[in-house]
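Listed here are the chains, written in short residue letters.
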Amino acid sequence: MVEPKAIIHLFHTPDFVPPSAEPSPAFDCDMCGEHFDGEPAGSGLFMWTRGEEVRFEEPPLCEACAQNVTLDALTRFEVEEEEEG
C-alpha cells in the first residue's frame, strides 16, 4: 500500500496582516494645557458673533478641569438661586 504524499503549494502573496487599530485620539486640555489620550472628559463652550453669524467652539477638557468647571457652574447656580429667593 502506497502512503499518500502531502501536496504543498507555495503562494507568493503578502502575509495577511490585520489592519492596526486606529490610535485613540489625543487632545490638549484647553484650561491647563495637559496632553491626554482618549476622549475628552468634557468641553468648554465659547460663543461669539460676527455680524449675523453665530459661532460656537467646544474646546476639550481633561477630567480634572471638566470636574472643576462643572463644580464651579453648580456653585454659581446655587449662589444665584439663594440671592434671588
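Use the structure listed above.
The structure contained in this document is the topic of the report that follows. Throughout, residues of each chain are indexed from 1 in the direction in which the sequence is written. The predicted origin of the model limits local features to residues at a pLDDT of at least 70 and limits the giving and counting of side-chain atom pairs to 80 or more, whereas totals for whole chains, interfaces and linings rest on all residues. Note that the side-chain values use all heavy atoms of the structure and ignore hydrogens as well as water.

**Focus on the pattern of salt bridges**
Thinking step 1. One side-chain nitrogen of Lys or Arg within 4 Å of one carboxyl oxygen of Asp or Glu is enough to make a salt bridge. One pass over the full model with this rule turns up two salt bridges.
Thinking step 2. Close ionic contact of R55 with E53 constitutes a salt bridge, the shortest N to O distance being 3.2 Å.
Thinking step 3. Note that D72 and R76 form a salt bridge whose closest N and O atoms lie 2.9 Å from each other. On the criterion of helical spacing, the pair formed by D72 and R76 is a turn pair, its members being four residues apart in helix α1 (residues 63–84). The helix count covers DSSP runs of H or I at least four residues long, the strand count covers runs of E at least two residues long, and both are numbered beginning at the N terminus.

**Looking at the pairing of strand β4 (residues 46–50)**
Thinking step 1. Counting buried residues along β4, only zero of its five residues qualify, which leaves the element largely exposed.
Thinking step 2. Sheet topology note: the β4/strand β5 (residues 53–57) ladder contains five bridges and is antiparallel. In the sheet register, R50 faces β5, and the bridge partner there is E53.
Thinking step 3. Should DSSP find at least two bridges between two strands, the strands are taken to pair. A loop of two residues connects β4 with β5, the two strands running antiparallel in sequence, and G51 in this loop sits at a positive phi of about 65 degrees. Exposure is judged per residue with a 1.4 Å probe applied to protein chains only, and the accessible area is read against the type maximum: over 50% gives exposed, under 20% gives buried, and values in between give partly exposed.

**Thoughts on the nonpolar core**
Thinking step 1. We call a set of buried residues a nonpolar core when its members are Ala, Val, Leu, Ile, Met, Phe, Trp, Tyr or Cys and they connect through side-chain atoms within 4.5 Å of each other. Judged by nonpolar contacts, C29, F36, L61, C62, C65 and A66 together constitute the single largest core of six residues.
Thinking step 2. By definition, residues are in contact when any of their heavy atoms lie within 4.5 Å. Not counting residues within four places of it along the chain, the set of residues in contact with C29 comprises E34, F36, P60, L61, C62 and C65.

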